[in-house]
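# Structure at a glance
So the chains spell out like this:
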Amino acid sequence: MKTKAFWAVICVLMLSACGPMIGGMMVASNGVKDFKVIQGSLADLPRGSQVVVLGPFDKTPEAFYICRGEEAAAFASAFNHTGLFTAALEVDTRFPDQMPQAREFKDRNSADVQKAYGLQQAPTLVMSGTILSREMVAAPANGVIMTAAYRLEFLNLTNGHLTIIEITAKELFQDVIPESVAYLAKQLAGAK
């Protein structure tokens, strides 16, 4: 009788430990998986710049919105939190069919953008984005893991240069964008 009880306890312990062990293995490989400068130079993104982040981001057929405008807000928040840029968020609440793009501001100067959006300071950069892909999976005892790829377009209003970055990160849902911004900050530090 004691042997059966012993094995029953062992089985319960093994079954209850599987979730946390599997979840732990799933989050072990988190982080930025890919980072590419598609166009331009990271030197055109000076640390500490004023940036206006345009939202909502566009998306490809491989992606989906969780909440339109959420990515733009999360990037603006992460820029401010890390000190990489001082960000202002501008989300078109009408949700047009054509999402705003940084390149549309190529012929405008900082003062024009400041006036158009009623900003306290003239921005150096305008940023827009595209969600290239998104996958989500539940990691037992850890949360939801999201793998997301973003194309970020930065227009430097001072010199008119457009810098396009693609970044792919796999993290817990709430950490994908902060981790992506932290990685961008490291890349900018090495771009000097």
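Residues numbered from 1 in each chain as written. Predicted model: local features only at pLDDT ≥ 70, side-chain atom pairs only at ≥ 80, totals over all residues. Heavy atoms only, no water.

## Here's the deal with the nonpolar core
Condition: Residues enter a nonpolar core if they are buried and are Ala, Val, Leu, Ile, Met, Phe, Trp, Tyr or Cys, with the set joined through side-chain atoms within 4.5 Å. Any residue under 20% of the maximum accessible area for its type is buried, any over 50% is exposed, and the rest in between are partly exposed; the area is computed with a 1.4 Å probe on protein chains only. Labels follow the DSSP assignment, with helices taken as runs of H or I lasting at least four residues and strands as runs of E lasting at least two, numbered in each case from the N terminus. Any two residues whose heavy atoms approach within 4.5 Å are treated as being in contact.
One finds Phe79, Tyr150 and Phe154 to be the most contacted residues of the largest nonpolar core, which totals 33 residues. For this core, the secondary-structure elements that each account for two or more residues are strand 1 (31-39), strand 2 (50-55), helix 2 (70-82), strand 5 (125-139), strand 6 (143-156), strand 7 (162-172) and helix 4 (176-189). When residues of this core are assigned to their parent elements, the largest contribution, six residues, is made by helix 4. With sequence-adjacent residues up to four places away left out, Phe154 is seen in contact with Leu45, Phe79, Phe85, Leu125, Val126, Met127, His161, Leu162, Thr163, Ile165 and Leu184. Ranked by size, the runner-up nonpolar core spans 11 residues in total, among them Val52, Ala102, Val126 and Leu162.

## Digging into the confidence of the model for the protein chain
Under the convention used in this document: How sure the predictor is of each residue is captured by pLDDT, a score from 0 to 100.
For the protein chain, mean pLDDT is 88; residues scoring 70 or higher make up 87% of the total. The secondary structure element of the protein chain with the lowest average pLDDT is helix 1 (residues 2-27), at 60, and the one with the highest is helix 2, at 97.

## Topic: a nonpolar patch on the surface
Basically, it comes down to this: Residues with no salt bridge and a relative accessible area higher than 30% make up the patches, which join like charges within 9 Å and nonpolar side chains (Val, Leu, Ile, Met, Phe, Trp, Tyr) within 5 Å. In this description, accessible areas are obtained by the Shrake-Rupley approach with a 1.4 Å probe, and a residue is regarded as covered only by the protein chains that are shown. By definition here, a salt bridge exists when the distance from a side-chain nitrogen of Lys or Arg to a carboxyl oxygen of Asp or Glu is within 4 Å.
Judged by side-chain polarity, Phe64, Ile66, Met136 and Val144 come together as a nonpolar surface patch covering roughly 300 Å² of accessible area. Counting through the fold element by element, Met136 comes out in strand 5. A relative accessible area of 37% places Met136 in the partly exposed class.

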